[in-house]
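Listed below are the residues making up each chain.
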Amino acid sequence: MSSTTAVLDQSEKKSLKRESPARGKMHAAVVEQFGKPLVLQEWDIPSPGAGQILVKTEACGVCHTDLHAANGDWPLKPTLPFIPGHEAIGLVVAVGSGVTIVKEGDRVGVPWLAHTCGICRFCLSGRENLCLRPRFTGWDVDGGYAEYVVVEEAYAYALPAEFDDVEVAPLLCAGIIGYRALLRAELPEGGRLGIYGFGGSAHLTAQVALARGARVHVMTRSREAQQLALQLGAASAGDADAAPPEPLDSAILFAPVGTLVPPALAALDRGGTLAIAGIYLSDIPALDYEQHLFEERSLRSVTANTRQNGEEFLAEAARIRLQVSTVSYPMERADQALRDLREDRVNGAAVLVV
Ligand SMILES: [Zn+2]
Ligand SMILES: [Zn+2]
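Predicted model only: the values in this text are computed from it and were never measured. (Residues numbered from 1 in each chain as written. Chains lettered and ligands numbered in written order. Predicted model: local features only at pLDDT ≥ 70, side-chain atom pairs only at ≥ 80, totals over all residues. Heavy atoms only, no water.)

**Observations regarding the pairing of strand 2 (residues 39-44)**
Step number 1: Counting buried positions along strand 2 yields five of six residues, so the element is predominantly enclosed.
Step number 2: Judged from the six bridges that link them, strand 1 (residues 25-30) and strand 2 form a sheet pairing that is antiparallel. The partner of Ala 28 across the bridge, within strand 2, is Gln 41. (Buried < 20%, exposed > 50% of the residue type's maximum accessible area, 1.4 Å probe, protein only. Helix = DSSP H or I, 4+ residues; strand = E, 2+ residues; numbered from the N terminus. Pairing = 2+ DSSP bridges.)

As structure tokens, this is what we get:
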């Protein structure tokens, strides 16, 4: 896909907003340069290739990974220019050759996992989240901060009718990754779960654990988030590094803060497991073997997800009628949404309405 226009000034942006795009063109919020504001541009509408579908975007969640992609924060960077966004919701408007299940008019979700190779040792052993040659939406392929997005049929999710477009968007990454983190934390039936950090992903995961009968303790510095945790049914809510009122069977670290690893490990009961949910974590300080790991405490990371994780999570989310707290922005204000996310000003999950 190629960009067709240069940076638009304010008056051009306004006229762009009012008029529908020229035939074959779409509006998109584009990362042209790392660390610079997103630019509203007109791009060619992509056409779906073999096995792919074209989705008319209605909403797209805004994830911390978008922020890091747009800033070029990590050693591995997307190729410029690119369209971020990997929680896109919309209707299928065209299908490529060989598409067999999805039809025009279906509502689908376009997630982070855009492609896996299917033949590496990880794909062949049911661990496609660890694929050696994966592609990701809004990173390797253009994402959902645009009026149209292309996805491989096999990686798009059918969506439960229980949720509207804005509600379901954050489930696609924040929800699915949190769900995988919960699996990785090996929470036993009726167990005691500690949650460190309580943002978009954690508030969804907590509800899944509670619905499964867990006792949930939330540790976060934000008073608002502590209140939300208690409203949702957490047994306790304390400061980020506070000791929970009882030993934990399992814990999930959502905050990207390595200094919370030692207190979270120390809070585990014998045999407990701490899963780190984030794609990024600041440095972990030195651990004390006896205090933090001995007695078979485990420390695990979480890397992406399998499609099966996504399907299971969406079904469970619909069954327990997960409450999703969202803050909407028009697509033209994508850059504002990213800034608010960076400055921790979004209470809930930010979602662009396209
Ligand atoms: Zn994400
Ligand atoms: Zn693979």
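**Focus on the pattern of salt bridges**
Step number 1: A complete count under the given rule lists 18 salt bridges for this structure.
Step number 2: A salt bridge links Glu 295 to Arg 297; the nearest nitrogen and oxygen atoms lie 3.2 Å apart.
Step number 3: Using a relative accessible area of 28% as the deciding quantity, one classes Glu 295 as partly exposed.
Step number 4: Here Arg 345 ties to Glu 343 by a salt bridge, and the two come within 2.5 Å at their closest N and O atoms.
Step number 5: Relative accessible area serves as the criterion here: at 43%, Glu 343 is assigned to the partly exposed category. (Salt bridge = Lys/Arg side-chain N within 4 Å of Asp/Glu carboxyl O.)

**Description of the coordination of the zinc ion (ligand 1)**
Step number 1: Within the protein, Cys 63 (SG), His 86 (NE2) and Cys 173 (SG) serve as the donor atoms for the zinc ion (ligand 1), at 2.0 to 2.2 Å.
Step number 2: All donors to the zinc ion (ligand 1) come from one chain, and their sequence spacing reads C-x22-H-x86-C. Taken together, the residues span a long stretch of sequence, with Cys 63 in the loop between strand 3 (52-62) and helix 2 (64-71) and His 86 in the loop between helix 2 and strand 4 (88-95) at a distance of 23 residues. Neither Cys 63 nor His 86 differs from the other in exposure class; each is buried. (Donors = N, O, S within 2.8 Å, 3.2 Å for Na, K, Ca; no water.)

**A word on the coordination of the zinc ion (ligand 2)**
Step number 1: Around the zinc ion (ligand 2), the donor atoms from the protein are Cys 117 (SG), Cys 120 (SG), Cys 123 (SG) and Cys 131 (SG), and they sit 2.3 to 2.4 Å away.
Step number 2: Metal-centred angles of 104 to 118° between the four donor atoms at the zinc ion (ligand 2) mark the site as tetrahedral.
Step number 3: Written as a sequence motif, the donor arrangement for the zinc ion (ligand 2) is C-x2-C-x2-C-x7-C. For the pair formed by Cys 120 and Cys 123, the shared burial category is buried. (Tetrahedral: all angles 85-135°; square planar, octahedral: opposite > 155°, others 65-115°.)

**Considering unusual backbone geometry**
Step number 1: With an omega of -15°, the peptide bond running from Leu 80 to Pro 81 counts as cis.
Step number 2: Topologically, Pro 81 is positioned in the loop between helix 2 and strand 4.
Step number 3: Even without glycine at this site, Glu 295 takes up a positive phi of about 65°.
Step number 4: Structurally, Glu 295 can be placed in the loop between helix 8 (289-293) and strand 15 (298-301).
Step number 5: Although it is not a glycine, Glu 296 adopts a positive phi angle of roughly 60°.
Step number 6: In this structure Glu 296 comes out as exposed when scored by relative accessible area, which is 67%.

**Topic: the packing of aromatic side chains**
Step number 1: Applying the stated criterion across every chain, the model contains five aromatic pairs.
Step number 2: Where Tyr 179 meets Phe 313, the ring centres are 5.7 Å apart and the plane angle is 50°; that geometry is what we call tilted. Taken together, the residues Tyr 179 in helix 4 (residues 174-184) and Phe 313 in helix 9 (residues 307-319) connect sequence positions 134 residues apart. The burial state of Tyr 179 is the same as that of Phe 313; both residues are buried.
Step number 3: Centre to centre, the rings of Tyr 289 and Phe 294 are 5.7 Å apart; their planes meet at 50°, and the pair counts as tilted.
Step number 4: Its relative accessible area of 55% is what places Tyr 289 among the exposed residues.
Step number 5: In textbook terms, an aromatic cluster arises when at least three aromatic residues are bridged by ring pairs, as seen for Trp 74, Trp 112, Phe 136 and Trp 139.
Step number 6: Cation over ring: Lys 56 sits above Tyr 148, and NZ or CZ is 5.5 Å from the ring centre. (Phe/Tyr/Trp six-rings, centres within 6.5 Å; stacked < 30°, edge-to-face > 60°. Lys NZ or Arg CZ within 6 Å of the ring centre and 35° of its normal.)

**A few points about the environment of Leu 232**
Step number 1: Within the secondary structure, Leu 232 is located in helix 6 (residues 223-232).
Step number 2: Taking C-alpha positions, Leu 232 is 13 Å from Arg 321, a pair spaced 89 residues apart along the chain.
Step number 3: Not counting residues up to four positions away in its chain, the partners in contact with Leu 232 are Phe 198, His 203, Gln 207, Leu 210 and Gln 323. (Contact = heavy atoms within 4.5 Å.)

**Brief notes about the confidence of the model for the protein chain**
Step number 1: Across the protein chain, the average pLDDT comes to 93, with 94% of residues at 70 or higher.
Step number 2: Low pLDDT, under 50, characterises residues 1-19; the predicted model gives this stretch 31 contacts beyond four residues in sequence or across chains. (pLDDT = per-residue confidence, 0-100.)

**Some thoughts on the nonpolar core**
Step number 1: Counting residues in each nonpolar core, the largest one holds 47 residues, and the members touching the most others are Leu 38, Ile 53, Val 62, Ile 83, Tyr 145 and Leu 352.
Step number 2: Examining the composition of this core, we find that five residues originate from one element, strand 3, more than from any other.
Step number 3: If you look at the next biggest cluster of nonpolar residues, it comprises 43 residues, including Ala 59, Ala 169, Val 208 and Ala 229. (Core = buried A, V, L, I, M, F, W, Y, C linked by side-chain atoms within 4.5 Å.)

**Some words on the packing of helix 2 against helix 10 (residues 334-342)**
Step number 1: Across the interface, helix 2 lies against helix 10 with an axial gap of 10 Å and an inter-helix angle of 105°. As far as their axial angle goes, helix 10 and helix 2 are roughly perpendicular. Of helix 10, the residues touching helix 2 (which contributes His 64, Asp 66, Leu 67, Ala 70 and Asn 71) are Leu 338, Leu 341 and Arg 342.
Step number 2: Here the contact of helix 2 with helix 10 is composed, by residue class, of four nonpolar, two polar and two charged. (Axes fitted to C-alpha atoms, helices over the stretch in contact; angles between N-to-C directions. Parallel < 35°, antiparallel > 145°, perpendicular 65-115°, else oblique. Nonpolar A, V, L, I, M, F, W, Y, C, P; charged D, E, K, R; others polar.)

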